[in-house]
Amino acid sequence: MSNIKTAKSALISVFSKEGLAPIVKKLDELGITIYSTGGTEKFIKDQGVQVIPVEDITSYPSILGGRVKTLHPKVFGGILNRQNNDSDVAELEQYEIPQIDIVIVDLYPFEKTVASGASEQDIIEKIDIGGISLIRAAAKNFADVTCVASVDDYAEFLNVISEGNGSISQEDRKRFAAKAFNVSSHYDSAIFNYFNSDHEIASLKISETKGKVLRYGENPHQKGFFFGDFDAMFDKLHGKELSYNNLLDVDAAVNLMNEFKGEAPTFAILKHNNACGLAQRSTVHQSYIDALAGDPVSAFGGVLVSNSEIDVATAEEIHKLFCEVVIAPSYNNEALEILKGKKNRIILIQKDITLPQTQVRSCLNGALVQDKDLKTDASSDLTTVTKVAPTTAQVEDLLFASKICKHTKSNTIVFTKEKQLLASGTGQTSRVDALRQSVEKAKSFNFDLNGAVMASDAFFPFPDCVELADNAGIKAVIQPGGSIKDQLSIDYCDANGIAMVMTGTRHFKH
């Protein structure tokens, strides 16, 4: 390792004191002079360690209610001076500025304050000024200074300073500098996004400080990463590491099952982001059995998700199937042990957290951003446009089908009956092809479509779709409407005793 620097002084100004005591004691043991201010200074004194108040350097007290403590040339000169520059060294002597070799900072918790629902005044006061300035200065001058910018780095720094006996390599200083700029850029992005919550300024700032390298991307020859706090959403109880494709399927599964939150036991099986089976029943066991019946072939290697606790009977059935991931809010203890019988099977407990309401995806040389489709069709949204109105049971099935349709790749057609997914046509280039696919799939698994209902993610430009559906046995249809030729489909339904409702809301999913 090259360009090792032996530290003789440190400036410490932190919000979180957790894990700081061992660092302070180690610095003292190594004979490193410590400067500090405010609450951090008191904490250090309470450890029985000598500390020099920053005010002794600046000859200024902390002013403006603590808003100005370290913002002073004698502090920043000690950090930003270049030790191999004779002019800088001479100015330090001329102005009696102490050299500062280590800067340890932990910023005010701006994001946590925003998340807590605090008042705007409290939020503004949690915008750190001195701390962020210290971080940028120390990280910029990593050639001479070590910057520790977060409580998350305390343990690593303690290990480095202990192993080096107070000496720190340039490689380590540069690594800490990179971490510091990661902290500062994330902090500034969070502040901007708070002030730009109405998106008046058309600028995209996304920052995720938690990241993970995946085995590979969508295919083995592609690199893959996940950026986000997976542990905030799930407790992983068992299984291999999640892959890129696993994560996409888990995302699809969670968003789909959110449509059935708080409802009767509902089970879904997904493959390549689309539901291949879904049912709602009085027990989770029966809901799984009927979801699997929807497409037992595609279920192989799928992702399973339930809105209810998985019991022993359900676990025994699941264990017969090769599946990649099982997601539920909880598991019976015995059921969990059964599911753990396959060493690679990923078992997740989904936590109750609020999901993002914005979607971002790469596009061309930039990104597309949109509000998430949070609209769930309800009975109050339905307009009956045919002479025959749907029955109460059909309305329930139509809304059930609409929820599935919303989370299926366009163009899509979904068939359901008695709250069971019978078949769907997914990701087709024409709506007619999607409908034909649905019919053929239902037939291949021996489903009787007589009396079933149909959902479409977008309008019918021609009456061919309702004609094909009628020939298959469909008796009620839900669609957004909006075609200039809506009347053609309505006329066909009227002539053949089919009920049709329109929602006025399209649910494309690309």
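The structure this text deals with has already been given above.
Quick caveat, the model's predicted, so the values are computed rather than measured.

**Structural notes on the pairing of strand S11 (residues 266-271)**
- By the criterion of burial, S11 is predominantly enclosed, with five of the six residues buried.
- When S11 meets strand S13 (residues 302-306), the two strands line up antiparallel, connected through four bridges. Residue isoleucine 269 lies in a different strand from S13, and its bridge partner there is leucine 304.

**Side note on the nonpolar core**
- By size, the foremost hydrophobic cluster in this structure holds 40 residues, and its most contacted members are Phe234, Val250, Leu278, Ile327 and Leu348.
- Sequence-distant contacts of isoleucine 327, that is, excluding residues within four places in its chain, are made with Phe234, Val250, Ala253, Val303, Leu304, Val305, Ser306, Leu348 and Gln350.
- Among the nonpolar cores identified, the runner-up in size contains 29 residues, and Leu11, Tyr35, Ile100 and Ala190 belong to it.

**Here we look at the packing of helix H9 (residues 154-163) against helix H10 (residues 170-195)**
- Between H9 and H10, the least distance of the axes is 12 Å, while the angle of their chain directions is 170 degrees. With respect to each other, H9 and H10 are oriented roughly antiparallel. Only Asp172, Arg175, Phe176 and Lys179 of H10 make contact with H9, whose side of the interface consists of Glu156, Phe157 and Val160.
- Tallied by class, residues from the contact of H9 with H10 come to three nonpolar, no polar and four charged.

**Remarks on the sheet that holds strand S14 (residues 323-328)**
- As summarised here, the arrangement of the six strands in space is S10-S15-S14-S13-S11-S12, forming an open sheet in which the pairing is mixed. Each edge of the open sheet carries a strand with a single partner, namely strand S10 (234-238) and strand S12 (274-280). Pairwise comparison of adjacent strand axes, ignoring direction, gives a mean angle of 20 degrees for this sheet.
- Note that S13 and S14 share four bridges and pair parallel. Across the sheet, the residue bridging to glycine 302 is cysteine 323, located in S14.
- Sheet strands touched by helix H12 (residues 244-257): S10, S11, S12, S13, S14 and strand S15 (346-350). Its angle to S11, the strand with the most contacts, is close to 150 degrees.

**Some points on the pattern of salt bridges**
- This structure, assessed with the given rule, holds 22 salt bridges.
- For arginine 175, the salt bridge is made with aspartate 172, and the minimal N-O distance between the two is 2.7 Å. Taken together, the residues span about one helical turn, with arginine 175 and aspartate 172 both in helix H10 at a distance of three residues.
- For arginine 175, a relative accessible area of 32% gives the class partly exposed.

**Points about the environment of aspartate 229**
- Note that aspartate 229 resides in the loop between strand S9 (225-227) and helix H11 (230-233).
- On the basis of relative accessible area, aspartate 229 is assigned to the partly exposed category, the value being 37%.
- Placed 129 residues apart in sequence, aspartate 229 and isoleucine 100 show a C-alpha to C-alpha distance of 35 Å.

**Some remarks on helix H17 (residues 431-444)**
- Helix length check: H17, at 14 residues, gives a terminal C-alpha distance of 20 Å against a target of 20 Å (1.5 Å per residue), a fit within 8%.
- Buried within H17 are the following residues: Arg431, Val432, Ala434, Leu435, Ser438, Val439 and Ala442. Around the axis of H17, the buried residues are gathered within 165 degrees of arc, so they sit on the same side.
- In the core, the buried residues of H17 are packed alongside strand S19 (413-416), strand S20 (421-425), strand S21 (453-456) and helix H18 (464-472).
- Immediately downstream of H17, the backbone of asparagine 446 shows phi near 60 degrees, a positive value.

**Brief notes about the packing of helix H1 (residues 20-29) against H9**
- Two elements in contact, H1 and H9, have axes separated by 9 Å at closest approach and are oriented at 20 degrees. Taken together, the axis directions place H1 and H9 in an arrangement best described as roughly parallel. Of the two elements, H1 crosses H9, and the hand of that crossing is left-handed. Together, Leu20, Pro22, Ile23, Lys26 and Leu27 of H1 and Tyr154, Phe157, Leu158, Ile161 and Ser162 of H9 make up the contact between the two elements.
- Class assignment of the residues belonging to the contact of H1 with H9 gives a composition of eight nonpolar, one polar and one charged.

**Some points on the sheet that holds S21**
- The strand order across the open sheet built from six strands is S18-S23-S22-S21-S19-S20, with neighbouring strands paired in mixed fashion. Each edge of the open sheet is held by one strand with a lone partner, namely strand S18 (383-384) and S20.
- Sheet topology note: the S21/strand S22 (residues 476-479) ladder contains three bridges and is parallel. Residue valine 453 lies in a different strand from S22, and its bridge partner there is alanine 476.
- The strands touched by helix H19 (residues 486-495) are S22 and strand S23 (499-502); relative to S23, the strand with the most contacts, the crossing angle is about 150 degrees.

Cut-offs applied
Residues numbered from 1 in each chain as written. Predicted model: local features only at pLDDT ≥ 70, side-chain atom pairs only at ≥ 80, totals over all residues. Heavy atoms only, no water. Buried < 20%, exposed > 50% of the residue type's maximum accessible area, 1.4 Å probe, protein only. Helix = DSSP H or I, 4+ residues; strand = E, 2+ residues; numbered from the N terminus. Pairing = 2+ DSSP bridges. Core = buried A, V, L, I, M, F, W, Y, C linked by side-chain atoms within 4.5 Å. Contact = heavy atoms within 4.5 Å. Axes fitted to C-alpha atoms, helices over the stretch in contact; angles between N-to-C directions. Parallel < 35°, antiparallel > 145°, perpendicular 65-115°, else oblique. Nonpolar A, V, L, I, M, F, W, Y, C, P; charged D, E, K, R; others polar. Salt bridge = Lys/Arg side-chain N within 4 Å of Asp/Glu carboxyl O. Expected span 1.5 Å × (residues − 1). Arc of directions from axis to C-beta. Left-handed = near helix turned anticlockwise from the far one by under 90°.

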